[in-house]
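Residue strings, one per chain:
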Amino acid sequence: MATPPAIPRRGLFIGGGWREPTLGRRIPVINPATEDTIGDIPAATAEDVELAVAAARDAFTRDGGSGWSRASGAARAKYLNAIAAKIKEKITYLALLETLDSGKPKDEAVADMEDVAACFEYYAGLAEALDGKQHAPISLPMENFKSYILKEPIGVVGFITPWNYPLLMATWKVAPSLAAGCTAVLKPSELASLTCLELGVICEEIGLPSGVLNIITGLGPDAGAPIASHPHVDKVAFTGSTETGKRIMTAAAQMVKPVSLELGGKSPLVIFDDVADIDKAVEWAMFGCFFNGGQVCSATSRLLLHEKIAERFLDRFVEWTKNIKISDPLEEGCRLGSVVSEGQYEKIKKFVSTARAEGATILHGGDRPKHLNKGFFIEPTIITDVSTSMQIWREEVFGPVICVKVFKTESEAVELANDTHYGLAGGVISDDLERCERIAKVIHSGIMWINCSQPTLVQAPWGGNKRSGFGRELGEWGLENYLSVKQVTSYCSDELYGWYQRPSKL
């Protein structure tokens, strides 16, 4: 087992340097796999938000923007590539910090850090390409006008990011916004902030211009809410719960401030009876809801099985699930670590007990693993005999819990799949690819997977519909999130426009 690193004591990263929070408060860091206090993070308040926003605003406007916001995309790309290189250099250390902070298996944390580096590299490429898209001409039906567009950074942006993929979810916002020329204030979740603070160290090491990225940690009401309502924050991007998303929208609406929201989900995975390889489908069902402890907004946590294969599928599903290694997340081969906090652990247990009380069957799991006496561990849980009125069918659990319903026809499967307020993702598994394409078109979600679940690609758009939010991250769409399009039109004729009559000469 890897030796855990010492937890560094960091301040708030504001204006290119470190400072203690104005009120001097700090928040303990709990390792959720051991329940031990392993360090602390600064607890920012509105006073610190003011300083961070001022630093970001100064970085955006300093020297007329020549150092950042109006610099070439190629110039900004050099910084993004430098960040990516540092991430790769520190990948083992960052992954260990992420595991200690969030409880996710070490192998998953390593994969997250690889994705972080790849995301910065990808947006470095798009930053360079942005230079060639400036002054793009607009075709007009007249010769006396010429028109082109400029793509300009939207300004100072505020990021409020979640604890399930702490550095990766922050990177999905930070990388494209910096590529666009924005400056930013990042507020990660207080439950898992360590790697985001280390991003500040990396920014310092590579010489990122002061104030371009500011990182503050703290509680949502104290540090997140002041970002959302700040008059000098030009846009807010948030990933988290639907209820918090509503509050951010309300605050931003007071200044007609744009927001992008990636919120909750209760995604379906539909499996048809023509599947020849049951084990292949079972593994995707597991990956869709048990990876990262099920703490995934897009988790396919509603499993819809055709009646002809339901019994056989569930037998294999339980067998495979029993084989998952649940352990200290630093152990080799761990595939299910702890959930992030005691509060989340209790919330998941409450969902399971409510499902049982409402008449559902806990086919497997639902308890603490017998070999783990400490830590916020919960067994992967399979719940059957579920009705569409039950809480477990309708509400997001954000844990390793999947509920199962059986269907007879394709139309019934689609109806069940769309029976949700959410619309982030969905999946279909079938050997009939024409059927898969039909299902992909009619499920109301921003993302659809065919014969898989959860692949996340930096080149492809990510985001949902309905109460799962709006706006798209990743791919070129992620960059567009942080750009404002300006039309520039010039009159090219030597003649008068001719709308008004020229006065006669005296």
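Scroll up a little and you will see the structure.
Description of the structure in this document.

Analysis parameters
- Residues numbered from 1 in each chain as written.
- Predicted model: local features only at pLDDT ≥ 70, side-chain atom pairs only at ≥ 80, totals over all residues.
- Heavy atoms only, no water.
- Helix = DSSP H or I, 4+ residues; strand = E, 2+ residues; numbered from the N terminus.
- Contact = heavy atoms within 4.5 Å.
- Phe/Tyr/Trp six-rings, centres within 6.5 Å; stacked < 30°, edge-to-face > 60°.
- Buried < 20%, exposed > 50% of the residue type's maximum accessible area, 1.4 Å probe, protein only.
- Lys NZ or Arg CZ within 6 Å of the ring centre and 35° of its normal.
- Salt bridge = Lys/Arg side-chain N within 4 Å of Asp/Glu carboxyl O.
- Core = buried A, V, L, I, M, F, W, Y, C linked by side-chain atoms within 4.5 Å.
- Pairing = 2+ DSSP bridges.
- Axes fitted to C-alpha atoms, helices over the stretch in contact; angles between N-to-C directions.

1. What about the environment of Asn481?
With respect to the secondary-structure elements, Asn481 resides in the loop between helix H15 (475–480) and strand S22 (483–491). Linking Asn481 and Pro153, residues 328 residues apart in sequence, is a C-alpha distance of 9.5 Å. Once you skip the residues sitting within four places of it in the chain, Asn481 turns out to touch Lys235, Ser260, Arg472 and Glu473.

2. Let's talk about the packing of aromatic side chains
Under the defined criterion, the tally for this structure stands at 16 aromatic pairs. With 5.0 Å between their ring centres and 50 degrees between their planes, Phe13 and Trp18 make a pair best called tilted. Judged by its relative accessible area of 3%, Phe13 falls in the buried class. Ring centres 5.9 Å apart and planes at 90 degrees place the aromatic pair Trp284 and Phe287 in the edge-to-face group. One end of the pair, Trp284, and the other, Phe287, are both in helix H9 (residues 278–290), 3 residues apart, so they sit about a helical turn from each other. A connected cluster of aromatic rings, assembled from ring pairs, spans Phe145, Tyr491 and Tyr497. Lying across the ring of Trp18, Arg10 places its NZ or CZ 6.0 Å from the centre. If you follow Arg435 out to its NZ or CZ, it ends over the ring of Phe272, 4.1 Å from the centre.

3. Describing the pattern of salt bridges
Following the criterion strictly, the structure yields 28 salt bridges and no others. For the salt bridge of Glu198 with Arg10, the shortest nitrogen-to-oxygen distance reads 2.8 Å. In this pair, Glu198 is assigned in helix H6 (residues 194–206) and Arg10 in the segment before strand S1 (12–14), connecting sequence segments 188 residues apart. Residue Arg10 is classed as partly exposed on the basis of its relative accessible area, which comes to 23%. We note a salt bridge from Glu410 to Arg438, for which the minimum N-O separation is 2.8 Å. One end of the pair, Glu410, is in helix H13 (residues 410–417); the other, Arg438, is in helix H14 (residues 433–442), with 28 residues separating them in the sequence. Judged by relative accessible area, which is 38%, Arg438 ranks as partly exposed.

4. Things to note about the side chain of Ser267
Structurally, Ser267 can be placed in the loop between strand S11 (259–262) and strand S12 (268–271). Ser267 gets classed as buried once you look at its relative accessible area, which sits at 1%. Discounting chain neighbours no more than four positions away, the residues touching Ser267 are Ser298, Ala299, Thr300, Ser301, Arg302, Leu424, Ala425 and Gly426.

5. Regarding the nonpolar core
Core analysis: the biggest nonpolar cluster contains 78 residues, and Phe120, Tyr123 and Leu213 have the highest contact counts within it. Among the elements that line this core, the one with the most residues is helix H4 (residues 106–131), at 12 residues. Residues in contact with Tyr123, not counting those within four places in the same chain, are Leu80, Ala175, Pro176, Ala179, Val458, Leu474, Gly475, Gly478 and Leu479. One finds Trp393, Cys403, Ala413 and Ile443 within the second-largest nonpolar core, a separate group that totals 30 residues.

6. Focus on the sheet that holds strand S6 (residues 145–153)
Read from one edge of the open sheet, 3 strands run S5-S6-S22, paired in antiparallel fashion. Of all the strands in the sheet, just strand S5 (136–138) and S22 have a single pairing partner and so form its edges. Geometrically, the sheet is characterised by an average inter-axis angle of 35 degrees between neighbouring strands, direction not taken into account. Here 9 bridges tie S6 to S22, and the two strands are oriented antiparallel to one another. Residue pairing in the sheet places Glu152 in a bridge with Ser484 of S22.

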